[in-house]
Structure formats: structure tokens, C-alpha cells
2 protein chains.
Amino acid sequence: MAASKTDSFNRPEAPAGEMMEDQRQGWRDVRDVIRDWVLTGRYAAGDRLPRDVDIAAELNCARSTVLRAMQDLSDAGMVERRRKGGTRVRPDPIVRATLDIPITRREVEAKGGRYGYQLVKREVVAAPRAILAATNVADPRDMLHVEAIHLSDGQPYIFEDRWICLETAPEILGIDLSRKSANEWLVLNKPYSRFDVRLYAIMADAGMADLMAVAEGAALLVIERTTWIDEAPITTVRSVTRPGYQLATQS
Amino acid sequence: MAASKTDSFNRPEAPAGEMMEDQRQGWRDVRDVIRDWVLTGRYAAGDRLPRDVDIAAELNCARSTVLRAMQDLSDAGMVERRRKGGTRVRPDPIVRATLDIPITRREVEAKGGRYGYQLVKREVVAAPRAILAATNVADPRDMLHVEAIHLSDGQPYIFEDRWICLETAPEILGIDLSRKSANEWLVLNKPYSRFDVRLYAIMADAGMADLMAVAEGAALLVIERTTWIDEAPITTVRSVTRPGYQLATQS
DNA sequence: GAGTGGTCTAGACCACTGA
DNA sequence: CAGTGGTCTAGACCACTCT
């Protein structure tokens, strides 16, 4: 292992009185020290860590620096912080991953494929109960239902089954969805304040097998996403990916 | 407009019920203002935003506050920041989701199920090429191969196919894996500095169908994860979930 | 009520990196 | 080289929430 510059460490294990600790500069180093306290068991799951100000004193830095380090650890899911309650090591360890989902056209082009798009269905109908549930809508209502296929080099890449809330995005009715996908229009014209994503696997039924040009029964990864603007649902979309599709995240 | 206190409150989405009030302070408000600049097209994809100090002057706050807001937008993938290069609206819109993957035992218990665990296989063998590739290891070597099933109320929940690098985690050989899963031991004893996750769908083959008590050909979501400590691989695991399993993320 | 984290400020200096 | 974001500091005050 090549020793990077952040490697040389001496653990602030037993500070003797008021002698000055070595000051590594940078909140990342402070973060690493605190992380090591947790990983080496000095503080176990559920334990309370010292106050920021005390850590700052021990590590000889400003409280803001400890705060910055703690924010990082909090974002990573390692600790939980509460006013007055202090900072605690998260009781149940988790893996927190970040996942980027690009626009399909961009994704295809980035992989060097020729992007194609095909509208399959466009209708205004009463939304099924499952869609109402996904969007947290109580009363039955009409929505715009759009089915489309994204192609890479002429081959089906992602099948998109989308429902758009007409109360929130009525302008969509005037858009020609046979050329440009609803996704792209929505991204550019309908900002959202909240969304959620669900991932699961399905077997291709006869209809899906035909649309995606795969064998019936093929296992397909589905990315389901719903977006809202201030509690008003905008759209919910079920993206069925082609066989072998892989969603990678790194951190 | 004379630069005064009650300036720069241009949120198109803001309800107009209240009379104009003093600008609320807080980096979240600053963030929302900048976000609206982007969403309303004042700055398009790829455009360069003003310098932090200028935004601070316009919004009448400290530069640190703008910085905090920008960090949030940068984390969310909306803008990209570079020293000297300034802040630019990210050219290709993406959806960035955060995904929490708990320890399986915790997950089962949180859902109210009775957790069970069963060791299927434990062997030290030469790692296949696919595993070497996943861990970025060049030379062939022996690894500990562990197969196990996590149960919920006696039913198969997740099948775990794991390879553990003996150079990095030799202590695992002394652990009794017939009672406690390798996952739990690793989480508590082998901190990692980096990991990646891959998600995809598979069809259950005959062997998998038998292990998971599902029909052959069932579509199963797979969560594949590899962890390293400073470039040294620790473990790579393929977690095959039961039918209907869903991974949800929200933000 | 009081303790703790969260935020803001103002300024200084550093570290990248584009022109 | 010079412009821009990144970080640190020291202090003040606020907001939450635990006891």
C-alpha cells in the first residue's frame, strides 16, 4: 500500500494532561479520528460521543471543524445527532449508497449507442388504484397514461410505463409525445421537491416479452419512481430495463 | 431597485398570501433561491453561476452561507463546482437517490419476522475469475467461500453467496459461521474504507429455486456488494432476495 | 430550564486550476 | 499567474429536546 499523505497517524489514545495534540489539518482528518473511535470500539453502537466542543478541544481545532466532520459521518449513517441529545453511534449499522439515475437518452448515448424512442400508448384514463396509492392520492381521477420504449441501436433498452397527474402538469396534454419522451419534458419543465425510488425484479409476461423482444419469463430489473411538488404528485413511472441491465452505485 | 433589506425574494412558487416580509435567513432559503434560478431557466444546463461572493452580496448573506447552500446543491447533483472554474449547472440532469441497506437480521426483525440463519456451505477454495475481477485482484488465490440463507419466519428471505479475502480477514477462519452470519462478524470487526454496490435481476435456476423455495425461473433481485480497506479487498457478496423483495430509497 | 447541536458572520489563508 | 472555491477560526446567537 502506498502511503498517502493522510496515512501517518498516531492515535490520540491517552492524552497526558494538557499537552497539545498533534493537529492534523482538515475536517477529513478529524472525521477519520472520530470514525476510528467508533470502528475500534472505543464507542460502541448506541454510545454517546463527547460534545463537539470537547472533541474540538481534544483535537485542537475549532468547533466548526468538528461539526463539519460530524455532518459527514451523519450523512454516511454512522452517527445520529440531536440537539441536547448529543451525538450517538447509530445503533444498527447500515450501508448507505448513493445512486445516480441518468436520463435514458443520455445513458444510451454515454454508452456509445444510438438512441431511439417509440411511443406505444397515450391515453387519458382513470388511474388504477395502484397508481393512486403510489402517488398518495385519495380520490379517483383521470391521468395521462403513457407507454414508450427507449431503444439503443434499435434494440429495446427500457420500457417506460408512466402516469402523469393532470392537475399538477396539465401542459403535458399539449406536448407531442411521439417524438420526445415525457421524461425529458418533465425534467425540463416540472421541477419536483421530493421523490422516491423503488427497485425490484419482475418476470416478463407475454406482452412485456413482445415489447422488449425477450423470452417470456425473463428476469427484468424495474426502477419505479414517483415525484411530487409540495405534496402534489407529478408523475409515477415504472421503467422496465432490458435483461442484464445493472444499476451500479459507489461510495 | 435600491439594494436594501427586503430584496431578492423571487420565489415563483411561493404562496402569495403573506405580505412581503424580510428575507428569511438560512442556507436552505439561499439554496432554494439558487435552485429556482436553475429550474426557471435563468441559468440553463452548463451555464456558469455567479461567484459565491456575488451571490452572497445579492442575497445579503455571508459567503459561508452561500457555500453551505452550494454544497447541498452539489451533493444533490444539480451543480458542479471547481476552483477557478466557478459553479456550473450540471449539463446532464440526473436523479440522485440515497439507499440504505440494513443488516439482514435487523431488516427481518424490523418487519416483525422471526429471524433465522442457516449455513449452506463453507469452503476454502481458489476464487473464480469473476470474484477476482469484482475485487480488483490480479493474482489467483484462495478465498473463504460461504453460502448461507437468511430466513424470515422460517421462510427463505435472502440467499447470501460470499467470498472473503483471507489475506485481509484471516480471523474469519476461526469464527463459527454456523450460528452467526459472516456479515455480522465482518460489520463489527472489519471496517472498510470503500465499497460499491450493483443491482440486477436474475432468473432462479434449479439450484436457486430449491434453496429459496421458489419456482424455477422466478425473477429475483440481486444486491451485489464489494468492500475494500485501503485498496485491499475484504469481501464480495451476492445477496439474492426472495421474490417480491423491494429496495426503496427516498430523498 | 438548560444543554447540545445548528447556523450565521467576518475575515484570513490555502489549494486548486483555467487563461 | 490570478481567480475561484475550500477550509479554518472565534464568537455569537438560535432551535431543538431531554430531564
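Here the residue numbers are simple positions, counted from 1 along each chain's written sequence. Chain labels run from A onward and ligand labels from 1 onward, assigned in the order the entries are written. In keeping with the model being predicted, local features are shown solely for residues with a pLDDT of at least 70 and side-chain atom pairs are shown and tallied solely at 80 or more, while totals for entire chains, interfaces and linings include all residues. As a rule here, side-chain values come from all non-hydrogen atoms in the structure, and water together with hydrogens is ignored.

Notes on the protein's contact with DNA strand C
Around DNA strand C, the structure places 23 residues, and the nearest of them are A:Arg63, A:Arg81, B:Gly26, B:Trp27 and B:Thr65. In the interface set of DNA strand C, defined as its atoms within 4 Å of the protein, sugar plus phosphate atoms amount to 68%. As used in this structure description, the phrase polar contact means that two N or O atoms lie within 3.5 Å; if the pair is within protein, one of them must be able to donate a hydrogen and the other to accept it, and residues adjacent in sequence are counted only when both atoms belong to side chains. A:Arg83 places a polar side-chain atom, nitrogen or oxygen, 2.8 Å from a sugar or linking oxygen of DNA strand C. A distance of 3.4 Å separates a base nitrogen of DNA strand C from a polar side-chain atom of B:Arg83. Taken together, the elements giving at least two residues each to the surface near DNA strand C come down to helix 3 (63–75), strand 1 (79–82) and strand 2 (86–89) of chain A together with helix 1 (27–39) and helix 3 (63–75) of chain B. Three classes are used, and their members are as follows: Ala, Val, Leu, Ile, Met, Phe, Trp, Tyr, Cys and Pro are nonpolar, Asp, Glu, Lys and Arg are charged, and the others, Gly among them, are polar. Class assignment for the residues of the surface near DNA strand C results in 4 nonpolar, 6 polar and 13 charged. One heavy atom within 4 Å of a molecule or strand is enough for the residue carrying it to be called near that molecule or strand. Here a helix means four or more residues in a row that DSSP labels H or I, a strand means two or more in a row labelled E, and each is numbered from the N terminus.

Notes on empty space enclosed by the protein
All names here are of chain A. A 1.4 Å probe that fits but cannot get out identifies a cavity on a 1 Å grid over protein atoms alone, an open set with protein on both sides within 12 Å along at least five of seven lines counts as a pocket, and a residue lines either if it has an atom within 4 Å of a point. Grid points are joined across faces, edges and corners, and a volume is the space filled by probe spheres set on the points. Counting across every chain of the model gives 3 cavities of 30 Å³ or more. Within this model, the largest cavity holds a volume of roughly 110 Å³. Ile101, Thr104, Ile158, Arg225 and Ser239 are the residues nearest the centre of the largest cavity, which is lined by 13 residues in total. Looking at the lining of the largest cavity, the elements that each hand over two or more residues are strand 3 (94–102), helix 4 (104–110), strand 6 (155–165), strand 8 (219–229) and strand 9 (232–241). A per-element tally of the lining of the largest cavity places strand 6 first, with 3 residues. Of the residues assigned to the lining of the largest cavity, the class counts are 6 nonpolar, 3 polar and 4 charged.

Quick look at the interface of chain A and chain B
What makes two residues a contact is simply this: any of their non-hydrogen atoms within 4.5 Å. Opposite the 43 residues of chain A that make contact, chain B presents 43 residues. Of the roughly 3,900 Å² buried between chain A and chain B on both sides combined, carbon and sulfur atoms contribute 60%. Accessible surface is computed with a 1.4 Å probe, and the buried area is the amount of it that two parts give up when combined, taken over both parts together. Ranking the residues of chain A by area buried against chain B places A:Val95, A:Phe195 and A:Leu199 at the top, with a combined share of 15%. Take a side-chain nitrogen of Lys or Arg and a carboxyl oxygen of Asp or Glu: if they are within 4 Å of each other, that pair is a salt bridge. Where chain A packs against chain B, one counts 2 salt bridges. Across the pair A:Arg96 and B:Asp100 runs a salt bridge whose closest N-O atoms are separated by 2.8 Å.

Looking at the packing of aromatic side chains
Centre-to-centre distance and the angle between the planes together describe a pair of aromatic rings. Think of it this way: a Phe, Tyr or Trp ring, Trp meaning its six-membered ring, pairs with another when their centres are within 6.5 Å, and the plane angle makes it stacked under 30 degrees, edge-to-face over 60, tilted otherwise. Following the criterion strictly, the structure yields 6 aromatic pairs over all chains and no others. Geometrically, the ring pair formed by B:Tyr157 and B:Tyr245 is edge-to-face, given 5.9 Å between the ring centres and 80° between the ring planes. Placement of the pair is B:Tyr157 in strand 6 (residues 155–165) and B:Tyr245 in the loop between strand 9 (232–241) and strand 10 (247–250), with a sequence separation of 88 residues. For the pair shown, B:Tyr157 and B:Tyr245 are each scored as buried. Note on B:Tyr192 and B:Phe195: the rings are 5.7 Å apart at their centroids and 75° apart in plane angle, and the pair reads as edge-to-face. Exposure categories follow from relative accessible area, calculated using a 1.4 Å probe and restricted to protein chains: below 20% of the type maximum is buried, above 50% is exposed, and the middle band is partly exposed. A relative accessible area of 31% means that B:Tyr192 is categorised as partly exposed. Definition used: whenever NZ (Lys) or CZ (Arg) falls within 6 Å of the ring centre and also within 35 degrees of the ring normal, the charge is taken to sit over that ring. One residue, A:Arg194, lies across the ring of A:Trp228, its end atom 4.0 Å from the ring centre. Of note, B:Arg42 hangs over the ring of B:Trp37, and the distance from its end group to the ring centre comes to 4.5 Å.

Overview of helix 3 of chain A
Residues and elements named next belong to chain A. Here the expected span of a helix is defined as 1.5 Å times the quantity of residues minus one. Helix length check: helix 3, at 13 residues, gives a terminal C-alpha distance of 18 Å against a target of 18 Å (1.5 Å per residue), a fit within 8%. Listed as buried for helix 3 are Val66, Ala69, Met70 and Leu73. The arc that holds every buried residue of helix 3, seen down its axis, measures 100°, which confines them to one face. Along helix 3, the residues that are exposed and aim more than 90 degrees away from the buried face are Ser64 and Asp75. Immediately beyond the C-terminal end of helix 3, within one or two residues, lies glycine 77, with a positive phi of roughly 85°. To be clear, the arc concerns the directions from the helix axis to the C-beta atoms.

Quick notes on the protein's contact with DNA strand D
With respect to spatial proximity, 23 residues lie near DNA strand D, and among them A:Gly26, A:Trp27, A:Thr65, B:Arg63 and B:Arg81 are the closest. The protein-proximal atoms of DNA strand D, defined as those within 4 Å of the protein, are 68% sugar or phosphate. Here a base nitrogen of DNA strand D and a side-chain polar atom of A:Arg63 are 3.2 Å apart. Here B:Arg63 contributes a side-chain N or O atom positioned 2.6 Å from a base oxygen of DNA strand D. Where the surface near DNA strand D is concerned, the elements lending two or more residues are helix 1 (27–39) and helix 3 of chain A together with helix 3, strand 1 (79–82) and strand 2 (86–89) of chain B. Of the residues contributing to the surface near DNA strand D, the split by class is 4 nonpolar, 6 polar and 13 charged.

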